[in-house]
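This is what each chain is made of:
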Amino acid sequence: MAVPPRNDGRVILHLDYDCFYASVFEVEQPALRSLPLAVQQKQIVVTCNYEARRRGLHKLQLIKDAKRICPDVVIVLGEDLTKFRNASKELYLIVRSFIWGGRVEKLGFDELFLDVTEMIDYNTGVLNPNDLSNSFFVLDRKDPTVGFAYDATRYQGLTFPATEAAPIAQKDPFSLEMRLLVASHFQWFLRSHMEHEIGFTATGGISTSKLLAKLVGNVHKPNGQTTLLPPYTAAGDNPSNVTHFMDDHEIRKIPGIGSRVAERLKAHISGAESVDEKITVRDIRQLPGMGPPLLEKILGGPGSAKGVGTRMWSILHGVDNTDVLEGRDVPTQISIEDSYGRLDTLESVRRELVTLSRSLIRRIRTDLLERSDESTPQGRWLAHPRTLRLSTRPRPPPDMDTTRAYNFNRISRSAPLPSFMFSLDENIDALAERLVKESLLIMFRKLHPEKAGWNLSLMNVAVTNMVETAGDQKQSSGRDISKMFRQQETVLKDWTVQEPESPSVSVQASRAPIGGSPGTEPQSAEAEDGWDDGDEDEPLASSGVLCPICGACIPHFAQVAHETYHSAPE
DNA sequence: ATGTGGGAG
DNA sequence: GGTTCTCCCACAT
């Protein structure tokens, strides 16, 4: 069976912030870094830092188990996602400011895909093949003095397959090997910047597609980075590294193969026989008669995506030609939900709907309202959602447990979103009451016509169907990097601490490390031309600042909490 | 346009 | 699978 063609013309990075929710708290309160820390939502640990993992905790663990296993675990509540959302957006903006063309795609709060093809093509083009160990990576096309020095005879970080740190043989700057090698240095620079300037460590993957970059990043976690080495195509007897890399993966670990697809593939391979075997990509790929048509037969059917067979066959060979999508200015939907131990009276439903509606309105305003400057209290709407949706999840009756009866349902009703939701004069409480009375309760009755007998485990209120309003301003793609560093400096000077008794500390701007590495101290470089010859003050910085009291790097979203942390009585 | 299902973190 | 709280896409109607 023919292997589908792969596009190796691009260079894609994947970034994954380590235990993101926990890191957000650690950045606010650096003392937490050395303690076992777990983030709680309802009765479970949604994530925990690595100190906690060392002591046996893990994601999605029951709180009571976590406390039993690690009695001195520090538990923080993470049900309100606001600070995670803010931190995520700041990090996204910072990363995007480095990427030519702005092709940075968010996946959830804590992952990014970067298409760095442009930057890499430029930077392989300026290599001097006779002096690769003294190379300079240009970050800003408009100012080629902005960048960092690196050694282009070695990969930065780790590789798959693992290699000695021997210098590479390849010196053709247009080879895939050189492109990935240069990209590995840029990835390292980015992670160093995130760690030392912002306070977040991240794990990275480097390859030619989103699929491979993400998968190969998983090889060294946390705070590592891995490049998937060429050759990417089989030559003579030896298979490509792509096939070698893909083949040992359990199918369920492959992005795009979820639980449903994995189940069906499993059922097919082992017939009605053994139930719990680990099925790898190789097992599927090498099955007699396997190919797009058979996969289509196994996975096709009503509701399944068209062309699944072909797409799966590609994925099994590590082929993924999907683009890195540019980030959007407005989300396609905004939703708020809560889960409940018991929710079985109309009055409690009404109360909860009002609470959810209040949060939703706040979110609509922060995400869809453009506040051009802080001087303008009210801005323009970036988009108007046209549809309101109420979803619930009825609690399954207690007597059902075995045999494949389907479960896990959400049901929903939609309706037009009333236009009063865009009024900025009325207060949020009044709007929420009105939304519940005039829309949500009616929709609820359609979902649950019986006036009793139901019991809900979850309610979700969402707005969708965004219609963007006018003035679609292009996002300037090639941001000026040197200006960004200047902005950081400006903020450093401006950040003063309110406490009267706190010593006045003169803070110095820290710079992006030159050839520095995550896990080492940033080198304080002397000023270089083009880095800080700023002549004006930009009002806004998108990066972190140094706390004058403890010296930690604190992103903007965390400044208030961090000051509170210092001023809290011990 | 509305509702469901599957994927992701 | 389900625990949490989202966001996105595709399909079917």
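In case you missed it, the structure is sitting above this.
As a convention, each chain's residues are numbered from 1 in the sequence order in which they are written. Here every chain gets a letter starting at A, and every ligand a number starting at 1, in the order they are written. For a predicted model such as this one, the threshold for reporting local features is a pLDDT of at least 70, and the threshold for listing and counting side-chain atom pairs is 80 or more; totals across whole chains, interfaces and linings nevertheless cover every residue. With hydrogens and water stripped out, all remaining heavy atoms of the structure feed into the side-chain values.

### Quick look at the protein's contact with DNA strand B
The criterion, for reference: Proximity is defined per residue: any heavy atom of the residue falling within 4 Å of a molecule or strand makes that residue near it. Any pair of N or O atoms that falls within 3.5 Å is considered a polar contact. Within protein, one atom must be able to donate a hydrogen and the other to accept it, and sequence-neighbouring residues count only if both atoms are side-chain atoms. By definition, any uninterrupted DSSP run of H or I lasting at least four residues is a helix, any uninterrupted run of E lasting at least two residues is a strand, and each is numbered from the N terminus. Charged residues are taken to be Asp, Glu, Lys and Arg, nonpolar residues to be Ala, Val, Leu, Ile, Met, Phe, Trp, Tyr, Cys and Pro, and polar residues to be all remaining types, Gly included.
Taken together, 17 residues surround DNA strand B, and among them D110, E111, K214, S412 and S414 come closest. Among the atoms of DNA strand B lying within 4 Å of the protein, the sugar-phosphate backbone contributes 96%. Between V261 and DNA strand B, the recorded distance is 3.3 Å, taken from a backbone N or O atom to a phosphate oxygen. When contributions to the surface near DNA strand B are tallied by element, the ones reaching two or more residues are helix 9 (259–269) and strand 17 (411–416). Counting residues per element, the surface near DNA strand B draws most heavily on strand 17, which supplies four residues. Class assignment for the residues of the surface near DNA strand B results in five nonpolar, six polar and six charged.

### Regarding the sheet that holds strand 1 (residues 12–17)
Where we set the bar: Being paired, for any two strands, means DSSP has found at least two bridges between them. Every axis in this analysis is a line fitted to C-alpha atoms, fitted for helices over the stretch in contact. Angles between the N-to-C directions lie between 0 and 180 degrees.
The strand order across the open sheet built from six strands is 6-7-1-11-12-10, with neighbouring strands paired in mixed fashion. Two strands close off the open sheet at either side, each with one partner strand: strand 6 (104–107) and strand 10 (158–160). For this sheet, the mean inter-axis angle between neighbouring strands, taken without regard to orientation, is 20°. Pairing analysis gives three bridges linking strand 10 to strand 12 (residues 225–228), with the strands arranged parallel. From the neighbouring strand, T159 faces strand 12, where its bridge partner is T227.

### A closer look at the protein's contact with DNA strand C
Taken together, 30 residues sit near DNA strand C, with E263, R328, T332, S335 and R363 positioned nearest. Taking the atoms of DNA strand C that fall within 4 Å of the protein, sugar and phosphate contribute 82% of them. A distance of 2.4 Å separates a phosphate oxygen of DNA strand C from a polar side-chain atom of R328. Side-chain polar atom of T332 to a phosphate oxygen of DNA strand C: 2.4 Å apart, as the coordinates give it. Of all elements in the fold, only strand 3 (44–48) and strand 13 (333–339) reach the threshold of two or more residues within the surface near DNA strand C. Here the surface near DNA strand C takes seven residues from strand 13, the largest share from any one element. Taken together, the residues of the surface near DNA strand C sort by class into nine nonpolar, nine polar and 12 charged.

### Focus on the pairing of strand 3
Let me state the cut-off plainly: The cut-offs for exposure are 20% and 50% of the maximum accessible area for each residue type, with area from a 1.4 Å probe on protein chains only; residues under the lower value are buried, those over the upper are exposed, and the others partly exposed.
Burial runs high along strand 3: four of the five residues are buried. As defined by bridge partners, strand 2 (residues 37–41) adjoins strand 3 across four bridges and the pair is classed as antiparallel. Of the residues in strand 3, the one forming a bridge with Q40 is V45. In textbook terms, the turn of a hairpin is the stretch between consecutive antiparallel strands, and for strand 2 and strand 3 this stretch comprises two residues, one of which, K42, has a positive phi near 50°. Where strand 3 and strand 4 (residues 61–62) come together, two bridges link them in antiparallel fashion.

### Regarding helix 9
Keep this limit in mind: Summarising the geometry, the arc corresponds to the directions from the helix axis toward the C-beta atoms. In this description, contact between two residues means that some pair of their heavy atoms is separated by no more than 4.5 Å.
Those residues of helix 9 that fall on the buried side of the exposure criterion are V261, A262 and L265. Taken end-on, helix 9 shows its buried residues confined to a sector of 100°, consistent with a single buried face. Packing partners of the buried residues in helix 9 comprise helix 10 (281–285), helix 11 (292–299) and helix 12 (308–316).

### Overview of the pairing of strand 16 (residues 383–394)
Taken together, the 11 bridges between strand 16 and strand 18 (residues 456–468) define a ladder with antiparallel strand orientation. Counterpart to T387 in the pairing with strand 18 is T464. Bridge count between strand 16 and strand 17: six bridges; the pairing is antiparallel. The partner of T387 across the bridge, within strand 17, is P416.

### Concerning the pattern of salt bridges
Which entries qualify depends on this criterion: Only one rule defines a salt bridge in this text: a Lys or Arg side-chain nitrogen within 4 Å of an Asp or Glu carboxyl oxygen.
Scanning the model with the defined rule gives 26 salt bridges in all. Taking the shortest distance from any N to any O, the salt bridge between R179 and D121 comes out at 2.3 Å. Here D121 lies in helix 5 (residues 117–125) and R179 lies in helix 6 (residues 176–198), a separation of 58 residues in the sequence. With relative accessibility at 10%, the residue R179 sits in the buried group.

### Here we look at the packing of aromatic side chains
Rules: Stacked, edge-to-face and tilted labels apply to pairs of Phe, Tyr and Trp rings (six-membered ring for Trp) whose centres lie within 6.5 Å, assigned for plane angles under 30 degrees, over 60, and everything in between, in that order.
In this structure the tally under the stated criterion is 17 aromatic pairs. Aromatic pair F20 and F200: ring centres 5.9 Å apart, planes at 35°, arrangement tilted. In this pair, F20 sits in helix 1 (residues 20–28) while F200 sits in the loop between helix 6 and strand 11 (202–207), placing the two residues 180 residues apart along the sequence. Looking at F20, the relative accessible area reads 3%, which means it is buried. Overall, the relative accessible area of 0% leaves F200 in the buried class. Ring geometry for F148 against F189: centres 4.7 Å apart, planes inclined by 5°, an arrangement best described as stacked. Residue F148 is found in strand 9 (residues 147–150), and its partner F189 is found in helix 6; the two are separated by 41 residues along the sequence. By way of ring pairs, the aromatic residues Y17, F20, Y21, F25, F84 and F200 are connected into one cluster.

### Let's talk about the sheet that holds strand 13
Through backbone hydrogen bonds, the strands of a sheet pair up, either in parallel or in antiparallel fashion. Read from one edge of the open sheet, four strands run 13-18-16-17, paired in antiparallel fashion. Since the sheet does not close on itself, it has two edges, and those belong to strand 13 and strand 17, each with one partner. The average undirected angle you get between the axes of adjacent strands in this sheet is 15°. Running at roughly 150° to strand 13, helix 13 (residues 346–368) makes contact with strand 13, strand 16 and strand 18 of the sheet. Running at roughly 45° to strand 16, helix 14 (residues 428–447) makes contact with strand 16, strand 17 and strand 18 of the sheet.

### Quick notes on the environment of L229
Relative to the helices and strands, L229 resides in the loop between strand 12 and helix 8 (241–247). On the basis of relative accessibility, which here comes to 10%, the residue L229 falls in the buried class. Sequence-distant contacts of L229, defined by excluding residues within four places in its chain, comprise Y155, T159, F160, P161, T163 and N241.

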